[in-house]
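The chain contents come next:
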Amino acid sequence: MHISKIFKSHSIAYSFELFPPKSQEAAEQLFATISDLSPLELAYVSVTYGAGGSTRDLTHDLVVRIQRETDLTVVSHLTCVGSTKDEIQSILDTYAESGIENILALRGDPPKGKAFEPAPGGFGYAAELAAFIRKHYPQMGIGVAGYPEGHPETPNRLLEMDYLKAKVDAGADYVCTQLFFDNHAFYDFCERCELAGIRVPIVAGIAPVTSVKLMERMAEVSAGTLFPARFIKALRRAENEDYMKKVGIHWATEQVRDLIDHNVSGIHLYTLNKSNATRQIYDSLGVTTTRYLV
Ligand code: FAD
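Residues numbered from 1 in each chain as written. Predicted model: local features only at pLDDT ≥ 70, side-chain atom pairs only at ≥ 80, totals over all residues. Heavy atoms only, no water.

*Asks:* How would you summarise the side chain of His 10 if you had to cite specific residues and measurements?
*Replies:* Within the secondary structure layout, His 10 lies in the loop between helix H1 (3-9) and strand S1 (13-18). Here Ile 6 takes part through its backbone oxygen, which lies 2.9 Å from a polar atom of the side chain of His 10. A distance of 3.3 Å separates the side chain of His 10 from the side chain of Ser 9, its partner in a polar contact. (Helix = DSSP H or I, 4+ residues; strand = E, 2+ residues; numbered from the N terminus. Polar contact = N/O pair within 3.5 Å; in protein donor to acceptor, adjacent residues only side chain to side chain.)

*Asks:* Pulling in residues and values, what's your account of the sheet that holds strand S2 (residues 44-47)?
*Replies:* Taking strand neighbours around the barrel as the criterion, the eight strands line up as S1-S2-S3-S4-S5-S6-S7-S8 in a closed arrangement whose pairing is parallel. Neighbour-to-neighbour, the strand axes of the sheet open up by a mean angle of 25°, direction not taken into account. Both strand S7 (residues 202-206) and strand S8 (residues 266-270) contribute to a ladder of four bridges, which runs parallel. Across the sheet, residue Ile 206 finds its bridge partner in S8, namely Leu 269. (Pairing = 2+ DSSP bridges. Axes fitted to C-alpha atoms, helices over the stretch in contact; angles between N-to-C directions.)

*Asks:* Tell me about the packing of helix H2 (residues 24-37) against helix H3 (residues 56-69), and name the residues and values.
*Replies:* Interaxial distance between H2 and H3 falls to 12 Å at its minimum, and their mutual angle equals 45°. Classified by the angle between their axes, H2 and H3 sit oblique to one another. Viewed along their axes, H2 and H3 form a crossing whose handedness is right-handed. Two secondary-structure elements touch here, H2 through Ala 27, Glu 28, Leu 30, Phe 31 and Ile 34 and H3 through Leu 62, Arg 65, Ile 66 and Glu 69. (Parallel < 35°, antiparallel > 145°, perpendicular 65-115°, else oblique. Left-handed = near helix turned anticlockwise from the far one by under 90°. Contact = heavy atoms within 4.5 Å.)

Listed below in structure tokens is the structure:
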């Protein structure tokens, strides 16, 4: 289903993020997770594209398999890193042929320690990719990334909103945010979007932290995200990994509860291919209902 239709038919569109498994065993485990999560209220799932385009084929295979074997709507992430326009076009052709209707258009991160360089004949910014998709695949739904606490490469926060507006004007149907742990940052971001004239749905990215290792990894991959002192203190008070998991899931649950109360357009849960934390959040909030599709 086209993403615009999804937002029109859900008061809050819940979505889950998955990443492509690297082995057959992990793939089967992932499909068990999908099956475990599918009774939950769920509008769509999205599948990440490995750093530097490293999972191009795996992402494609997973997206197409979900499309073929389930009734879920899939959004495929696509980045500009290391790909020429022709290569991007051929990826998009394959998606279009497989009936994939939605793409999250991203620039992607450069290899560690390097500045981003577009591939020769490639795209320099996500806005260019979004414009390309809108022009050549007008039927596709397009999402773009937003950063409530700022993207590290653009310290000028006013300019950053202009760049986000340019991405939306290039054809985006929605914005999905980087994960955040302080809802005030998200609400302020939504207000700044409104002031910038951004009228598309803004989806809140929520990640349950279930271990110190995971928190450190999140801090690394979602550069710029703030870990509030109250949250770090609560995690540090946890005596072992089990308690830490409870603290992280509780924090995410309270964030989601508050977002629901604020009538957000969408909540995107970074599941990390596991169902346990997501199920617990749903159970605590009473949103464990059958999928609602129009
Ligand atoms: P852009 O919007 O192009 O922005 C990149 C930087 O350039 C920003 O600092 C922006 O402010 C600045 N900028 C934009 N336009 C201009 C301009 N005209 N002039 C000067 N500066 C400009 N990465 C992956 O590799 N795979 C994934 O699957 C993936 N999924 C993600 C999902 C979400 C929801 C989010 C929030 C991020 C995801 N990322 C993923 C990370 C993302 O690729 C990085 O954050 C990347 O550094 C920026 O991508 P972007 O699409 O936001 O880029």
